[in-house]
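Per-entry structural report
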Amino acid sequence: MSTSQAYAVYYTSATGEYAAGYVFDRSMWDGTSAWSPPAGSAAVADPDSKYPIGSTYSAS
């Protein structure tokens, strides 16, 4: 059985209103089941809640 963890969902490119990296949602996901973020976005594991909604994610 997989354990779910928090993921931050962010835009991968700028929209008319938000910059690339803008976190617009959070989701609980086990990382393996059939789920994918909406078109134009991506998800990153965020178990420590470093990226709340309204923050900006940038891969380092």
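Residues numbered from 1 in each chain as written. Predicted model: local features only at pLDDT ≥ 70, side-chain atom pairs only at ≥ 80, totals over all residues. Heavy atoms only, no water.

Scanning the protein chain for helices and strands turns up zero helices and three strands. Whereas a compact globule of 60 residues would reach a radius of gyration of roughly 10 Å, the protein chain reaches 11 Å, a difference of no more than 12%. Based on the C-alpha atoms only, the size of the protein chain along its principal axes is roughly 40 × 25 × 20 Å. With 60 residues in all, the protein chain has 27% of them scored as buried. Looking at the protein chain alone, contacts between residues at least 24 apart form 59% of all its contacts between residues at least 6 apart. (Helix = DSSP H or I, 4+ residues; strand = E, 2+ residues; numbered from the N terminus. Rg over C-alpha atoms; globule rule 2.2 N^0.38 Å. Buried < 20%, exposed > 50% of the residue type's maximum accessible area, 1.4 Å probe, protein only. Contact = heavy atoms within 4.5 Å.)

The next subject is the packing of aromatic side chains. Applying the stated criterion across every chain, the model contains eight aromatic pairs. Measuring from centroid to centroid gives 5.0 Å for Y51 and Y57, while their planes differ by 80 degrees, and the two rings are edge-to-face. These aromatic residues form a ring-pair network of at least three members: Y11, Y18, Y22 and F24. (Phe/Tyr/Trp six-rings, centres within 6.5 Å; stacked < 30°, edge-to-face > 60°.)

Moving on to the environment of D48. The topology assignment puts D48 in the segment after β3 (41–45). Judged by its relative accessible area of 60%, D48 is exposed. As a C-alpha pair, D48 and A19 span 29 residues in sequence and 23 Å in three-dimensional space.

Further remarks concern the sheet that holds β3. If you trace the three strands from one edge of the open sheet to the other, you get β2-β1-β3, paired in antiparallel fashion. Of all the strands in the sheet, the pair left with one neighbour each is β2 (23–29) and β3. The mean angle between the axes of side-by-side strands here comes to 30 degrees, regardless of whether they run parallel or antiparallel. Here strand β1 (residues 5–11) pairs with β3 via five bridges, running antiparallel. (Pairing = 2+ DSSP bridges. Axes fitted to C-alpha atoms, helices over the stretch in contact; angles between N-to-C directions.)

Right, let's get into the side chain of D46. Among the structural elements, D46 can be located in the segment after β3. Looking at D46, the relative accessible area reads 2%, which means it is buried. At 2.8 Å, the side chain of D46 forms a polar contact with the backbone nitrogen of K50. Those residues in contact with D46 that sit more than four places away from it in its chain are A6, Y7, A8, R26 and Y51. (Polar contact = N/O pair within 3.5 Å; in protein donor to acceptor, adjacent residues only side chain to side chain.)

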